[in-house]
Every structure is written in C-alpha cells, then in structure tokens.
Amino acid sequence: MLWQLFLVFMKVGLISFGGGYAVITIIEHEVNLRHWMSASDFQEIVALAGMAPGPIATNSATLIGYRTAGIGGAISSTLGMILPSLIIIIILAACFGRLHHNRFVKSSFYGLRPIVTGLIAYAAIHFGLLSSSEPGLTWSTLATLLICAGCLYGIIRFKMHPLMVILASAAAGVILF
Amino acid sequence: MRTTASKQLKIYTQIFWTFCRIGPSTFGGGYAMIPGIEREVVEKHGWMREEEMSDLVSIAGSAPGGVGVNLAAFIGYRLAGVMGAILAVAGIALPTFFIVFALSWGYSMFQDHPKIEAALKGIQGGVIALIIIAAYKMAKTALFDKTTAAVGISTVVMLMMTPIHPIYLIAIGLVIGLVAVQVKKHLGMQVYTEQRESKQQEPEPIYPEYYI
C-alpha cells in the first residue's frame, strides 16, 4: 500500500503542470480509480488542504496518504509528490537552465496552458455541484454557493487574503449549516 | 579544509532554516510563496539578483510540480548543489507537513462535532471561490486567442462528459501546442505563443497567480 501510494503520487507529481488546483482534478481521478475514499471524504480533504498553509497539492497528498495508510502513507505520498519536482529541477538546473526560452517548449506550453485552465475550471464546477450528496437544489448546495459567491465578492472587491477567505467561510458555515 | 567545511555547513543550515520559515507563513499555496521567497533570497541574504530570481520563477512555474517547491529546489541547487536543493525542499515541505498532520489529527478528534462539521462545509464554499479565482487568473494568461479558448473549453467539456484521465489531456495539450504553432507558421500566420505584453499591465509584478 505504501509503495502504491508513493508510485501514484509520483505519477501525479510528474504531470502536475500548473500545480495546485489543476492537480486536484488529477488526484481525484486517481483516488476514484482506486476507490480509496468517497467523494465527500475527498471534498473534506480538499477543504482541509486549502485551510493549511503551503501548497494545496502536497497538502492533499499528505492527507490522502494519512487517511488510507496512516503516518507511513502520509510520508510516502508526500515524498512521491515532491520527488519528481526535485529531480526534474536538479536536472534542469544542471543541464539547460534557459530551457523556458526554447521555441519548442514555448509552443508546447501554448497548448498546455489552456488544458491546465480547463482542469482548474473543472475542479471548481465539480466541487460546486458535488457539494451535496442528494440530487437537486438542496439547502446545503445553496448555502455552499452563497458562501462561494460571498467569498468571490470579497476577493474581487476587497482583495481579501486567502486566509481571511478560509476564516470567513468557516464562520459562515457555522451560521448557515 | 576545516574552514570550507564549516562554511558549507553554515550555508546548508541557512538554506534549510530560510525555507523552513517561508512555508508556515504562506496561505493560498505556491504562488503566494514567491514574494516571501524573493524577500528572503534577494533582499535579506543577497543570494541572487532580482533578474536572476524572476528567471528562476518562470522556470519553476513551467516545470511539473508546485511552483513553491520547484523554486526552493532551484535556489537551493544554485547555492549549494544537490544537497542544497534537497535541504531547501525539505525546509519548505517539513513544517507544512506537520501542520497538515496536526490539522488532520485535530479534525478526526472533533469530526462528529456538528459545529466543526459545519465550519468545514463552509470552508468548502470558500475553497471553491479560491479555485474559481485561480481558474480566472489562469484563463487570463492562457486563453488569448481562438485556438487556446477552444482547447480550454473542450477540456472542461471532455472532463465533464467522459471519464478521460487528465494525463491524456495534458499529453494532448503538449501535442496541440507543437502542431498548432507549426501549422500557423506554415500558413504564414503571425504566431504568438504567449500573450503579448503591449496591453497596459499593472505595475506590480504579475505572476500567473493561481493560488496553488
């Protein structure tokens, strides 16, 4: 199990272009494929990962590893997530430091960036719709969307800090649910 | 011999300690870390110049993995080789690892408390808002012509309609980029692989901030 977690997150780490929320879509896919946890458990984990400081992707890896296989799982998932970055960066730094100016790299990113955008957008849509386990418009979905809209307003209008967003939405959750 | 060894030990501890302090103080993920890293590395320690730093940031953003971790690895490597890279990554990852751990443990203790559960449900709404902002910011830099807009929209549609694994989409994206640019060049069209910067930009340095 530990080995499997390590390998899965290493794969995720290798393809996690664009980082963070794009990776959530990838991780969710892997988790579903292996039936590691229910959709609502996964949502909880993303909320916890977003609440903690540090990168969301690594945080989610740690939490999923912990849920599925305890402390050892947390360690092996986190290592798996970080190791590809470390190795790739060392190779990049050692061999071709100016790779990002390369013509082919630039044109591949021309196609890659919109894909990453799609992955992030999908994560948002997916979590918005999935916020209730029952189908149809329930109070729980409505309240989640309300909190989401409030936070969006706060971020756009008042440049609310991510930590404030988390705290405010927690408070709103206590009141609304 | 002794002095170089102790010098090396000093830079090792400095690297580790510097990155240790950055992780816990940044909420909102990788891109939120960059200003903090910049302050420590450029201003406080004078380890590298501003231009060098922004070059590293753009490489760190284009390699797979979180930008914060990548940037730490890169800076660590520049300063002290492979060992420096490992220490920098350990420094940035360890504190948050323990914080996440404590959070998860704390949550499992109070999991059944209705108010805790309600707070976490509320946070889900907040996280969705953060994701939407991230998607919007990413879209602003990524979707700037018809090709990229079409690719972006079809990605979302494919993810919603089919059980396709995102890894294939990423591979398809790489190929589309290479092919589309070649085809456009062949047709004699003007090709921009990135958004042109002629438009009025805000004065603050803009990273494709998608709150990682």
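Just so it is clear, the model here is predicted, and its values are computed rather than measured.

Q: Explain a nonpolar patch on the surface to me, and be specific about the residues and the numbers.
A: The grouping of F104(A), V175(B), L178(B), V179(B), V183(B), L187(B) and M189(B) at the surface amounts to a nonpolar patch, some 620 Å² of accessible area in total. Here the nonpolar patch takes four residues from helix α7 (residues 166-186) of chain B, the largest share from any one element.

Q: Give me helix α6 (residues 146-161) of chain B: which residues, what numbers.
A: Over its 16 residues, α6(B) runs 22 Å from end to end, which matches the ideal 22 Å to within 8%, given 1.5 Å per residue. For α6(B), the full list of buried residues reads T148(B), V151(B), G152(B), T155(B), V156(B) and L159(B). Projected onto a plane normal to the axis of α6(B), the buried residues spread over an arc of 130 degrees and lie on a single side. Facing away from the buried side of α6(B), by more than 90 degrees, are the exposed residues K146(B), I153(B) and M161(B). For α6(B), the secondary structure elements touched by its buried residues are α2 (20-33) and α5 (103-129) of chain A together with α5 (114-142) and α7 of chain B.

Q: If you had to explain the interface of chain B and chain A to someone new, which residues and values would you point to?
A: Counting residues at the interface gives 92 residues for chain B, matched by 91 residues for chain A. When chain B packs against chain A, close to 8400 Å² is buried across both sides, 78% of that on carbon and sulfur atoms. In terms of surface lost to chain A, no three residues of chain B exceed F27(B), P64(B) and I170(B), which account for 8% of the buried area on that side. The interface formed by chain B and chain A contains zero salt bridges. In this assembly, chain B and chain A are joined by 10 residue pairs in polar contact (both at pLDDT 80 or more). Those elements that place two or more of their residues in the side of chain B that touches chain A are α2 (30-44), α3 (50-62), α4 (67-110), α5, α6 and α7 of chain B. Top contributing element to the side of chain B that touches chain A by residue count: α5(B), with 23 residues. Residues that form the side of chain B that touches chain A fall into these classes: 58 nonpolar, 27 polar and seven charged.

Calculation rules
Residues numbered from 1 in each chain as written. Chains lettered and ligands numbered in written order. Predicted model: local features only at pLDDT ≥ 70, side-chain atom pairs only at ≥ 80, totals over all residues. Heavy atoms only, no water. Patch = residues over 30% accessible without salt bridge, like charges linked within 9 Å, V, L, I, M, F, W, Y side chains within 5 Å. Areas by Shrake-Rupley, 256 points an atom, 1.4 Å probe, with all protein chains shown as cover. Salt bridge = Lys/Arg side-chain N within 4 Å of Asp/Glu carboxyl O. Helix = DSSP H or I, 4+ residues; strand = E, 2+ residues; numbered from the N terminus. Expected span 1.5 Å × (residues − 1). Buried < 20%, exposed > 50% of the residue type's maximum accessible area, 1.4 Å probe, protein only. Arc of directions from axis to C-beta. Contact = heavy atoms within 4.5 Å. Buried area = accessible area lost by both parts, 1.4 Å probe. Polar contact = N/O pair within 3.5 Å; in protein donor to acceptor, adjacent residues only side chain to side chain. Nonpolar A, V, L, I, M, F, W, Y, C, P; charged D, E, K, R; others polar.

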